[in-house]
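# Structure assessment
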Amino acid sequence: MTRKTKLTARDIMTGGVQCIGAHQSLLDAAKMMRDLNVGCLPICGDNNRLTGLITDRDIVVQCCAEGIDPATVQAGSLAGELHWIDAGSGADEALSLMEEHQIKRLPVIDVQQGHQLVGMITEANLARNLSDAQIAEFATKVYANA
């Protein structure tokens, strides 16, 4: 039996992610999520660098539920704390970061290529690439206090 090469963040991520501009509205973000069939978008600033993430839940809870018109709120205002991983880091490190910060999505940045956003690691990526034991541990740590 040959030993499998260690998986990197780039190996397990979904590539081709699209950003919402920090100055675009939450309405624009919601339409993008609908059109792309995703529940989360990276937020990019004027320099096209990642500044945060926004989820469909953020829009509903922090905007719509408060009676605020999503067309009047900039996506960047909900950026929040940002965690990311370098594309060359190990998949196990991505799993650890997601568990530690209890997050379900992790942006992947290629530090060697100008610090560009190259993909996103989601629960689905973990499910396709990690062992059942690793997935069970992730679920326990991320959802235990949810």
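These lines cover the structure that appears in this document, whether it is placed above or below. Quick caveat, the model's predicted, so the values are computed rather than measured.

### Section: the sheet that holds strand β4 (residues 50-55)
Reading across from one edge, β2-β3-β4 is the order of the 3 strands in this open sheet, with mixed pairing throughout. What marks the edges here is a single partner per strand, and that holds for β2 (20-21) and β4. Direction of pairing for β2 relative to strand β3 (residues 40-44): parallel, over a ladder of 2 bridges. Within the sheet, the bridge partner assigned to G21 lies in β3 and is C44. Along the sheet face, helix α2 (residues 26-36) touches β2, β3 and β4 and points at about 130 degrees away from the line of β3.

### Here's the deal with the nonpolar core
Generally speaking, nonpolar side chains in soluble globular proteins are found buried as a group. The biggest cluster of nonpolar side chains holds 18 residues, and the ones touching the most others in it are I85, M98, L106, V108, I121, L126 and F138. Listed by contribution, the elements that provide at least two residues to this core are α1 (9-12), α4 (91-100), β6 (105-110) and α6 (132-143). The element contributing the most residues to this core is α4, with 5 residues. Setting aside residues up to four positions removed in sequence, M98 forms contacts with I103, K104, R105, L106, I121, T122, L126, F138 and V142. Judged by nonpolar contacts, the second largest core, of 15 residues, contains A22, I59, C63 and L78.

Reading the values: the criteria
- Residues numbered from 1 in each chain as written.
- Predicted model: local features only at pLDDT ≥ 70, side-chain atom pairs only at ≥ 80, totals over all residues.
- Heavy atoms only, no water.
- Pairing = 2+ DSSP bridges.
- Helix = DSSP H or I, 4+ residues; strand = E, 2+ residues; numbered from the N terminus.
- Contact = heavy atoms within 4.5 Å.
- Axes fitted to C-alpha atoms, helices over the stretch in contact; angles between N-to-C directions.
- Core = buried A, V, L, I, M, F, W, Y, C linked by side-chain atoms within 4.5 Å.
- Buried < 20%, exposed > 50% of the residue type's maximum accessible area, 1.4 Å probe, protein only.

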